[in-house]
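The lines below spell out each chain.
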Amino acid sequence: MDIRRREPDDLGACERVLAEVHHGDGYPVDWPERPRDWLSPPALLGSWVAERDGRVAGHVALCRSGPGDSAPELWSRRTGTPAECVAVVSRLFVAPGARGHGTGALLMARAVRGARELGLHPVLDVVSSDEAAAALYERLGWSLLATVEQSWGPGRVVRVHCYAAPV
């Protein structure tokens, strides 16, 4: 398994893997209108792909915190550091056929390293129903900061677990 920086030419393959994950696991919860834009949000600090046998097998992104992100605020309150001192790990997914080989852990390690290279502390949130993702974060030593409700549009509230990487 090779983890490398995502290149523009990888976006098509990332979109295909994301569609596979969405259809099988329901991630992301809401299919984005423009998946390539969703993979490259304006606050993007970096993104990486896992490559197996010459094919994209997974993806992770690192972003600046934005409006509505609960984990950065929780980390800030817990540590007394500004929310601007964190990076949000996001857009993590692994192709169903590539699971069971530590791909998610490798992608997470790369995102954590990217955050630390920028002098930022990694945090994330995950919908509370995604038990497999939460189990991965906890196996990797991430701390549950809290479970909160986020507004995802008019009349829609979603429970999310907020995590912080080990110090």
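Shown above is the structure to which this text applies.
Here the structure is a predicted model, which is why all the values come from computation and not from measurement.

(A) Broad picture of the environment of Ala 87. Its location among the elements puts Ala 87 in strand S4 (residues 86-94). Of the residues examined, Ala 87 reaches a relative accessible area of 0% and is grouped as buried. Taking C-alpha positions, Ala 87 is 25 Å from Ala 13, a pair spaced 74 residues apart along the chain. Every residue in contact with Ala 87, bar those within four places of it in the chain, is listed here: Leu 45, Leu 62, Cys 63, Ala 115, Leu 120, His 121, Pro 122 and Val 123.

(B) Main features of unusual backbone geometry. Cis geometry marks the peptide bond from Tyr 27 to Pro 28, where omega comes out at -5°. In this fold, Pro 28 is placed in the loop between helix H1 (11-25) and helix H2 (35-39). At Asp 53, a position not held by glycine, the phi torsion is positive, near 55°. On the secondary structure map, Asp 53 appears in the loop between strand S2 (44-52) and strand S3 (55-64).

(C) Local environment of the sheet that holds strand S7 (residues 157-164). Spatially, S1-S2-S3-S4-S5-S7-S6 is the arrangement adopted by the 7 strands of the open sheet, whose pairing is mixed. The open sheet has two edge strands with one neighbour each: strand S1 (2-5) and strand S6 (143-151). For this sheet, the mean angle separating the axes of adjacent strands, direction not counted, is 30°. As paired elements, S3 and S4 share 6 bridges and run antiparallel to each other. Within S4, the residue paired with Cys 63 across the bridge is Val 88. Where H1 meets the sheet, its contacts fall on S2, S3 and S4, and the angle it forms with S4 comes to roughly 75°. Running over the sheet, helix H4 (residues 103-117) touches S1, S2, S3, S4 and strand S5 (121-127) and is turned about 160° from S4.

(D) Fine view of the side chain of His 161. Tracing the backbone shows His 161 in strand S7. Residue His 161 is classed as buried on the basis of its relative accessible area, which comes to 17%. A distance of 2.7 Å separates polar atoms of two side chains, one belonging to His 161 and the other to Thr 147. Here His 161 is in contact with Leu 124, Asp 125, Val 126, Ser 128, Ala 134, Leu 144, Ala 146 and Thr 147, once residues within four sequence places are set aside.

Criteria and cut-off values
Residues numbered from 1 in each chain as written. Predicted model: local features only at pLDDT ≥ 70, side-chain atom pairs only at ≥ 80, totals over all residues. Heavy atoms only, no water. Helix = DSSP H or I, 4+ residues; strand = E, 2+ residues; numbered from the N terminus. Buried < 20%, exposed > 50% of the residue type's maximum accessible area, 1.4 Å probe, protein only. Contact = heavy atoms within 4.5 Å. Pairing = 2+ DSSP bridges. Axes fitted to C-alpha atoms, helices over the stretch in contact; angles between N-to-C directions. Polar contact = N/O pair within 3.5 Å; in protein donor to acceptor, adjacent residues only side chain to side chain.

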